[in-house]
Each structure stands twice: as structure tokens, then as C-alpha cells.
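Structural description and commentary
This is what each chain is made of:
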Amino acid sequence: MAAKRERIQGKGITEHPQPFPAAVKIGNMVFTAGISGDDPETHKVPDDIDGQAKNCFTNMKAIIEAAGGTVDNIAKVTVYLKDRNDREAVNKRWVEVFPSPDQCPVRHAIPNDLQGNRKIQIEFIAVL
């Protein structure tokens, strides 16, 4: 029997305009679609990488908490960047969320042709 799929929704979680959820929980695992740097309140995208990275991690936290976990449950984060030179701005926000290199998820950064003024998008996998 397949595990039950639960759509993760809640305050601060922007729903995709496409016909799929922002995140799902299957059993004790959480998977996300792309999490953008939209402001969780206004849904506007800041022009700068720092603001977008901050919002990405704020939105990530909202998703994992809505799923019943914390950032400590996140096992892997994939970061898509329009410009790989923006990694330092991402690292600044990363260490705010994951201050210990011994207690943080693995991460992979991939260049991507993101739409419009979007400079970053992330996705994660977590185990609750």
C-alpha cells in the first residue's frame, strides 16, 4: 500500500500557479517544488540577491514547520542561482539558519536560467 500524500499548506507558503503543490509530505519525508525569494507577506520579489535569499530561507522554514518539523529535519537543499557569484550572499543567509557546519544539511548549487528578476530558488528534502 502506498504511503499517504499530504499537501503542505499554510501561512507564508506561496502556492504555485502550476497544477502541483509547493510541498508534499509522504510518510515521514517532505519534498518541495521550487521555493522562490518572494516576500511571504507581499509576494513581491526583491531586486537584490540578499533579499531574495533571506525570503527563500524564511519560506523554507514556513514549509518545514507546516509539515510538523524544524530546519533540523532538512537533509538536503538544492540551490538554483542565476549567477554563481551570488553564492556568498546565499552563504550569509545559510549560516543564519544553519549555524553549525556539523549540524546542517548537504547542499548543492546549480546555475539556472531563472525567470525575470529571480536570482535564486531552492528546494529541499527532509526527514521528520
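Here, every reference points to the structure presented above.
No experiment lies behind these values; they were computed from the predicted model shown. (Residues numbered from 1 in each chain as written. Predicted model: local features only at pLDDT ≥ 70, side-chain atom pairs only at ≥ 80, totals over all residues. Heavy atoms only, no water.)

For the rest of this paragraph, the subject is the packing of helix α1 (residues 49-66) against helix α2 (residues 87-97). Two elements in contact, α1 and α2, have axes separated by 9 Å at closest approach and are oriented at 30°. Pair α1 / α2 crosses with right-handed handedness. Across the interface between the two elements, I49, D50, A53, K54, F57 and M60 from α1 touch A89, V90, K92, R93, W94 and V97 from α2. Here the contact of α1 with α2 is built from residues that sort into eight nonpolar, no polar and four charged. (Axes fitted to C-alpha atoms, helices over the stretch in contact; angles between N-to-C directions. Helix = DSSP H or I, 4+ residues; strand = E, 2+ residues; numbered from the N terminus. Left-handed = near helix turned anticlockwise from the far one by under 90°. Contact = heavy atoms within 4.5 Å. Nonpolar A, V, L, I, M, F, W, Y, C, P; charged D, E, K, R; others polar.)

This brings us to α1. Note: α-helices contain 3.6 residues per turn, so residues at a spacing of three or four share the same orientation. Taking 1.5 Å of rise per residue, the 18 residues of α1 would be expected to cover 26 Å, and the 26 Å separating its terminal C-alpha atoms lies within 8% of that figure. Considered for burial, the residues of α1 that qualify are I49, G51, Q52, A53, N55, C56, F57, N59, M60, A62, I63 and I64. Against the buried residues of α1 lie β2 (23-26), β3 (29-32), β4 (35-36), β5 (74-81), α2 and β7 (120-127). Immediately beyond the C-terminal end of α1, within one or two residues, lies G68, with a positive phi of roughly 100°. (Expected span 1.5 Å × (residues − 1). Buried < 20%, exposed > 50% of the residue type's maximum accessible area, 1.4 Å probe, protein only.)

Turning next to α2. Of all the positions in α2, only A89, V90, R93 and W94 are classed as buried. Down the axis of α2, the buried set is contained in an arc of 140°. They therefore lie on one face. Contact partners of the buried residues in α2: α1, β5, β6 (106-111) and β7. (Arc of directions from axis to C-beta.)

A few words on the nonpolar core. Across soluble globular proteins, you tend to see nonpolar side chains buried next to one another. Counting residues in hydrophobic clusters, the biggest one holds 29 residues, and the most contacted among them are M60, I74, V77, V79, I120, I122 and F124. Considering every element that reaches this core, the biggest residue donor is α1, with eight residues. I120 has contacts with S36, G37, I49, Q52, A53, C56, V79, Y80, L81, V90 and L114, leaving out every residue within four places of it along the chain. (Core = buried A, V, L, I, M, F, W, Y, C linked by side-chain atoms within 4.5 Å.)

This part covers the pairing of β6. Where β5 lies against β6, six bridges are found, and the strand directions are parallel. Looking at the pairing, T78 lines up with H108 of β6. You can see the chain leave β5, run along α2 and come back into β6, and the turn it takes is right-handed. (Pairing = 2+ DSSP bridges. Right-handed = clockwise from strand over helix to strand, strands pointing away.)

Looking now at the side chain of T32. Mapped onto the elements, T32 comes out in strand β3. Accessibility expressed as a relative area gives 12% for T32, which makes it buried. There is a polar contact of 2.8 Å between the side chain of T32 and the backbone nitrogen of F124. (Polar contact = N/O pair within 3.5 Å; in protein donor to acceptor, adjacent residues only side chain to side chain.)

Bringing the environment of I63 into the picture now. Summarising the element assignment, I63 is placed in helix α1. A relative accessible area of 4% means that I63 is categorised as buried. Remark: the alpha-carbon pair of I63 and E6, spanning 57 residues in sequence, is separated by 13 Å. Setting aside residues up to four positions removed in sequence, I63 forms contacts with I8, I13, A23, T32, I35 and F124.

It is worth stressing that arrangement in space is one thing and function is another; only the former is reported here.
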